[in-house]
Amino acid sequence: MTESFPRLHARTRRFTLGVPRNFTISPDGGRVTFLRTRSGTDPVTCLWELDVASGAERLVVDPLALGAADEDLPPEERARRERSRESAGGVVAYATDREVRRAVFALSGDLYLTDLASGGARRLPAAGPVIDPRLDPTGARVAYVTGGALHVLEIDTGADTVLAEPEGDLVTYGLAEFIAAEEMGRMRGYWWSPSGDRLLVARVDESPVTLWHIADPANPDRQPVPQRYPAAGTANAEVTLHVIGLDGTRTAVPFEQEYLVTAAWDAHGLAIVTLSRDQRTMRLLSADPDTGETTLLREDTDPAWLDIVAGVPARLSDGRLVWVADADGGHRLVVGDEPVTPPSLQVRAVLDVDGDTVLFQASGEPSEVHLWTYTAGTISAVTTEPGVHSGRRAGGVTLVARQSLDTEGTTVTVGSASINSLAERPGLEPRVSLVRAGSRELSTAILLPSWHVPGSGPLPVLMDPYGGPHAQRVLSARRMFLESQWWAEQGFAVIVADGRGTPGRGPAFEREMLHDFTISLQDQVDALQGAAALHPGDLDLSRVAIRGWSFGGYLAALAVLRRPDVFHAAIAGAPVTDWRLYDTCYTERYLGHPDEGHYERSSLLGDAEKGDTEKLERPLLLIHGLADDNVVAAHTLRLSSALLAAGRPHTVLPLSGVTHMTPQEVVAENLLLLQLDFLRKSLNTTG
C-alpha cells in the first residue's frame, strides 16, 4: 500500500533524507567528500566520497558498521542540533585537514578518525562525550570539547592535553553560545591557526544570563531542565577571546562590542568580526596572535541594522579583503574597498574563495538564487537556469547544487560528474504559479488542486506563510511547495507570500520591518487580494484560513485577532506572542530595546482583551511543543490565559516532549491531519 503524503513527509524529514550535503572539495579538485543517508527514509547519515574524474561514489563511513545504531548524545550536542535544525542522525558533521586526507567526527559522543583514502575509521580515546571535533590543518592533532573544556589530542601518540578548563559550571571553552548558534549562524567556538600550533578560543560565561526552566508536565517526576535564556532587554552571555598555544600559553584578544560574529585565521592573519548590541555598527578587526592587539580594518554602520553575511571575511591570494556591504540600495560584493557587483544584484553569501576567484550566491529576481564568480575584476554567472543554487569551489573545480520547479529534489554536479540524490519521490507535483501580487508586487506563490478547473467554482483559501524577516518561502524550488500542494489537493487554494522584511529585494525592502512586525499582516492581506484579482472566481474570500509555525504562527494568530474581517480561522504553531519573551539578538534587531517602546504594537497579549464581542470571532488553534527551548511554551500559555480571561474560546494542542522542530514521525504526521480536520470544520468544508 502506498504511504500517504503526511506519513511520507514525516518519515523523510520533509524529504531531506537522502539528499547529499556538506560538501568539501580537495585542494586539487579531484575529490568531493559529502554527507548523505543511504535512502530517502533512512535517518542515519553516512560519510561519502566522489572521485571527480571517474564519477564513482564510495561509502567511507557507515555509522551502523561502527556499532552506533542507537545514538546517545550529550546534552550539548542535542542543543547544537536543535540550533542547526538537524533532523537526521549518524555523522551529521565532520571536519578535515587542509589536504582533505583525514576527517574527524563525533558519533554517540565518541571521537572517530577516518583516512579518506582507505576508508578505515577508528575510535580515538577521548576524555568524555565529544562535541565539535576539528582537525588542525596539518592533520596531526584533533581538538574537541567535552564538559565545557577544550582538549587537543595528538593522533599518533594518543596524548590528550586540556588547553582550557572551565572555571565554573556556567563557563565553557570552544563552544558557541545560544545567541551565536540560534541567531548569528556561528556554530563553532574555536579556530585553528594555519600552522596548527595554537587556537583562537571563545570563552563563554553564562552567569549573567537569566535562568529559566523547561518543565515536562507529562512526567511530573522529572526535574525541570534549567536553561540560561537571554530574553530581549536582558543580559547576554559574556564572550571573550583567547589565543591558546599547545603549550598552554594564553593571550587575550579583547574586543569592545557585544557580539562576536565570527573569526577567520588564514595565511593572511587572524581576523574577527564584532557587532554592537543595537546591531547598527559592525567592525572587522585584525588581531596579532602574539600580543592580542587588534587593529580596526573596517567599520560598517546602518541606522536600522546590519546583516550578518555568511562566508566573510575572506581574502584573495594577494591578501585583498572579500566582504559584503550595503551600497547604493543593494547588498554588494566588496573586494578591497570597491563594490564589484551592481546594486541590482543582491549578494546573499560568499561560498568559497579559490585563489583569486570568489564564488558567491546572489539574486536578481528574489525567487531565484544563482551562483556567480568574481575573477580579475569581472563577475560571471555560473548558473542561468531558473532555480535555487548553492555550491562550493576549490582547485579550479565548481560544485553546483540545484533545486528548481521543473525537476524533483536536488541535482548536484561537479564538472562532468554528478552526486546522486536518494531522496524519496513525494508522489505529488506542485501546481504552482509564481507571481507578483498586490499593490506592493509581493513575491507570491499560488497553488490550486490538480483536479480544479479554473473558473469552475471558488475554493476556500489557505494562506501558508512564514512572513518573518530574513526568511523566504517563495523560491523557485519544488521542495518549498510540497506541503502546500498537499493542502491544495485537500480542496484549498493555497497562497504563500513573502512580505516586507524578506530577503532578495534589497536593504530598503527588508528594513521596512523596523520597529513593527505587524506590517507582515498588512502584506498578507495585500497578497490575498492580489491573488484573488489574478484568479477571479477561483478564491472564496468568505472562507480564508491561515496557518504558520514560529514567526508564521505569530502571524497566523495576529491575523484572526486583528483582521477577523479577512481571516476566518487560524492555526498558530509555536507562536511568539510576547516579544519580551524572545531572545535579545533577533528581537532587538527589529524592535530595539524594550525600553524604546516598540513592543506593545507587535504583541498579541493585548489583542486577547480587545474586540467588540465577548468571544473570539474566529476559530484559533494554538500548537506548542512543551520542550521547545527556542520559542518556549510560555508564549502559547500566556496567550491562552489572556484569551480565557476575556472569555474568548480557542483550542490549545500541547505536544509533550516536542521541541521547536517537531522531528518525531508520528507527531509530524498526525499534526498535518489534525490541522486539516480543524480547518475543514472551521471553514465548513468537507474537501
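Criteria and cut-off values
- Residues numbered from 1 in each chain as written.
- Predicted model: local features only at pLDDT ≥ 70, side-chain atom pairs only at ≥ 80, totals over all residues.
- Heavy atoms only, no water.
- Phe/Tyr/Trp six-rings, centres within 6.5 Å; stacked < 30°, edge-to-face > 60°.
- Helix = DSSP H or I, 4+ residues; strand = E, 2+ residues; numbered from the N terminus.
- Lys NZ or Arg CZ within 6 Å of the ring centre and 35° of its normal.
- Axes fitted to C-alpha atoms, helices over the stretch in contact; angles between N-to-C directions.
- Parallel < 35°, antiparallel > 145°, perpendicular 65-115°, else oblique.
- Left-handed = near helix turned anticlockwise from the far one by under 90°.
- Contact = heavy atoms within 4.5 Å.
- Pairing = 2+ DSSP bridges.
- Buried < 20%, exposed > 50% of the residue type's maximum accessible area, 1.4 Å probe, protein only.
- Polar contact = N/O pair within 3.5 Å; in protein donor to acceptor, adjacent residues only side chain to side chain.
- Nonpolar A, V, L, I, M, F, W, Y, C, P; charged D, E, K, R; others polar.
- Salt bridge = Lys/Arg side-chain N within 4 Å of Asp/Glu carboxyl O.

Draft legend 1. Broad picture of the packing of aromatic side chains. For the coordinates displayed, the defined rule picks out 23 aromatic pairs. Aromatic pair Phe517 and Tyr586: ring centres 6.3 Å apart, planes at 35°, arrangement tilted. Residue Phe517 is located in the loop between α5 (507-511) and α6 (519-534), and its partner Tyr586 is located in helix α8 (residues 584-591); the two are separated by 69 residues in the primary sequence. Pairwise contacts between aromatic rings join Trp305, Tyr466, Phe517, Phe551, Tyr554, Trp579, Tyr582, Tyr586 and Tyr590 into one cluster. Directly above the ring of Trp48 sits Arg36, whose terminal nitrogen or CZ lies 4.2 Å from the centroid. One cation-aromatic arrangement involves Arg505 over Phe509; the distance from NZ or CZ to the ring centre is 4.3 Å.

Draft legend 2. Region of the structure containing the packing of helix α4 (residues 482-489) against helix α10 (residues 665-683). Two elements in contact, α4 and α10, have axes separated by 12 Å at closest approach and are oriented at 40°. Considering the angle they form, α4 stands oblique to α10. Crossing of α4 against α10: the hand is right-handed. Contact with α4, carried on its side by Glu483, Trp486 and Trp487, involves Leu672, Leu673, Gln675, Leu676 and Leu679 of α10 and no other residues of that element.

Draft legend 3. Broad picture of the sheet that holds strand β33 (residues 388-394). Read from one edge of the open sheet, 4 strands run β33-β34-β35-β36, paired in antiparallel fashion. Sheet topology places β33 and β36 (417-419) at the edges, where each strand pairs with a single neighbour. Neighbouring strand axes in the sheet, compared pairwise and without regard to direction, differ in orientation by 20° on average. Where β33 and strand β34 (residues 397-403) come together, 7 bridges link them in antiparallel fashion. Counterpart to Ser390 in the pairing with β34 is Ala401.

Draft legend 4. Representation of the environment of Asp498. In this structure, Asp498 sits in strand β40 (residues 493-498). Residue class for Asp498 comes out buried when judged on its relative accessible area of 3%. In this structure the C-alpha to C-alpha distance between Asp498 and Asp629, which are 131 residues apart in sequence, comes to 27 Å. With sequence-adjacent residues up to four places away left out, Asp498 is seen in contact with Leu442, Ser443, Gln472, Arg473 and Val474. In terms of polar contacts, Asp498 uses its side chain to reach the backbone amide nitrogen of Val474, at 3.0 Å.

Draft legend 5. How the structure looks around the packing of α6 against helix α7 (residues 551-562). With their axes 10 Å apart at the nearest point, α6 and α7 run at an angle of 75° to one another. With respect to α7, the axis of α6 lies roughly perpendicular. Contact residues: α6 offers Ser520, Leu521 and Gln524, while α7 offers Phe551, Leu555, Leu558, Ala559 and Arg562. Among the residues making up the contact of α6 with α7, the classes are represented as 5 nonpolar, 2 polar and 1 charged.

Draft legend 6. Examining the pairing of strand β19 (residues 238-245) more closely. Counting buried positions along β19 yields 6 of 8 residues, so the element is predominantly enclosed. Sheet topology note: the strand β16 (residues 198-205)/β19 ladder contains 8 bridges and is antiparallel. Pairing of Arg203 across the sheet is with Thr240, part of β19. One ladder, built from 4 bridges, connects β19 with strand β20 (residues 250-253); its direction is antiparallel. Note on β20: the bridge partner recorded for Leu241 is Val253.

Draft legend 7. Region of interest: the sheet that holds strand β37 (residues 432-437). Spatial strand order, β37-β38-β40-β39-β41-β42-β43-β44: 8 strands in an open sheet with mixed pairing. Whereas interior strands pair on both sides, the edge strands pair on one side only; in this sheet they are β37 and β44 (651-655). Strand after strand, the sheet turns through a mean of 20° between neighbouring axes, direction not considered. In terms of strand pairing, strand β39 (residues 459-463) meets β40 through 3 bridges, oriented parallel.

Draft legend 8. Region of the structure containing the pattern of salt bridges. Counting across every chain of the model gives 50 salt bridges. Here Arg222 makes a salt bridge to Asp216, at a shortest N to O gap of 3.3 Å. Across the pair Arg511 and Asp307 runs a salt bridge whose closest N-O atoms are separated by 3.4 Å. Here Arg511 is found in helix α5, whereas its partner Asp307 is found in the loop between β24 (294-301) and β25 (314-315), with 204 residues between them in sequence. Overall, the relative accessible area of 12% leaves Arg511 in the buried class. Each member of the salt-bridge network shares a partner with another, and the members are Glu77, Arg80, Arg81, Asp132 and Arg134.

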